[in-house]
Amino acid sequence: MDEDSKEENAQEIILEKNNEIIIPQKESKLKYYIIYYTLIIFLLAVVVTLILLLFLLRGSDNTLKEEEEEKIEILPPLIFNSTSGNHTHTLIFVPGFGNTPENFVNVLTNKIKFSKKNDTTIIILRSPYVEVTATNNSKNYSWFDIYNFPIMNNSDYNFKDLKKSAKILEKVINNEVNILQGKYENIIIGGHSQGGSIALYHGYHTDKNLGGLFIFSGILPPGKINPNKNELKTYYGYGDKDNIINPDFLVESIGRIKNFKGFQLYLYPGHKHHVSTNETKDASKFLDRSEEHTSELQSRS
């Protein structure tokens, strides 16, 4: 046997030295490759599993959101059908904190007057009866939580709850639009205090052309607004002696829209937080002017 053959045979033999097993070089490389590729396969499996989990969680989150939207409960509103029997317009009103639809029946059916009123169905929404932080967690009619009275700035409101309540208004609007055959411009939204905030939030975020807004002492919630709402007809009335919402805060909140072409600001000296006779008179005049605006919108469509 030549020297080369002896050397090859020697490499294939597992030698024992000092009770230690010495693995030949070829077998060592093979095990190294097996471990290396096993780790790669394991890591790939982990990555694929994580991607699948994220996909499933995202799908679950979307399902929860859809279920949450489906659970939006609309409490029975007060509805006054058009007296003429010819329902061509809808006025939706959102009462404020501590108020029920019944508190605004006289204001909306008797004091508010405009040319198309006989053809207008009036809907007054009803807020949930919930615990409110500012009243030591006692229950009251409230669209969203309030942390302090008097309300001085944005930190006194729970705007997450406000956005949820705004979905109730949106649902009612969509239902009316179906009845009015898609005519968003024939819908006017009003609101007082909390309800005014919800009406402002919807009016300045939607991409639909509403007939107009009329607001009594409500703040515009913080955040981005639709920049295309420059011509949205908006009556905004407040008193300089408001004892519930600081008047300076009211004015500050509408700073983003007060110079819009369609926005009209009315200050009532000596007036507090309730809706006054002067406000209803001015709102009535505004609603008549909004009818002219509605005609303009219809002529464009």
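Bear in mind that the values here come from a model prediction, so they are computed numbers and not experimental data.

Rules used throughout
Residues numbered from 1 in each chain as written. Predicted model: local features only at pLDDT ≥ 70, side-chain atom pairs only at ≥ 80, totals over all residues. Heavy atoms only, no water. Core = buried A, V, L, I, M, F, W, Y, C linked by side-chain atoms within 4.5 Å. Buried < 20%, exposed > 50% of the residue type's maximum accessible area, 1.4 Å probe, protein only. Helix = DSSP H or I, 4+ residues; strand = E, 2+ residues; numbered from the N terminus. Salt bridge = Lys/Arg side-chain N within 4 Å of Asp/Glu carboxyl O.

J.: Can you help me understand the nonpolar core in this one?
T.: The nonpolar side chains of soluble globular proteins are, as a tendency, buried together. One finds Tyr157, Tyr204 and Ile257 to be the most contacted residues of the largest nonpolar core, which totals 43 residues. Those elements that place two or more of their residues in this core are β4 (89-94), α4 (159-179), β8 (187-192), α5 (194-203), β9 (212-216), β10 (234-239) and α6 (247-253). By residue number, the principal contributor to this core is α4, which donates eight residues. Judged by nonpolar contacts, the second largest core, of 19 residues, contains Leu91, Val107, Phe216 and Phe286.

J.: Honestly, the pattern of salt bridges in this entry has me stumped. Any pointers?
T.: Two side chains carrying opposite charge are able to pair once their charged atoms lie near each other. Counted by the stated rule, this structure contains one salt bridge. The salt bridge involving Arg126 is made with Glu102; its shortest N-O contact spans 3.1 Å. Of this pair, Arg126 sits in the loop between β5 (120-124) and β6 (129-132) while Glu102 sits in the loop between β4 and α3 (105-111), placing them 24 residues apart in sequence.

J.: When you look at unusual backbone geometry in this model, what are you seeing that I'm missing?
T.: When glycine is set aside, most residues are seen to have a negative phi, and most peptide bonds are trans. In the segment running from Phe149 into Pro150, the intervening peptide bond is cis, with an omega of -5°. Of note in this structure, Asn136 is not a glycine but carries a positive phi near 55°. Note that Asn136 resides in the loop between β6 and β7 (138-141). Residue Asn136 is classed as exposed on the basis of its relative accessible area of 72%. For Ser217, which is not glycine, the phi dihedral falls at a positive 55°. As for its placement among the helices and strands, Ser217 is situated in the loop between β9 and β10.

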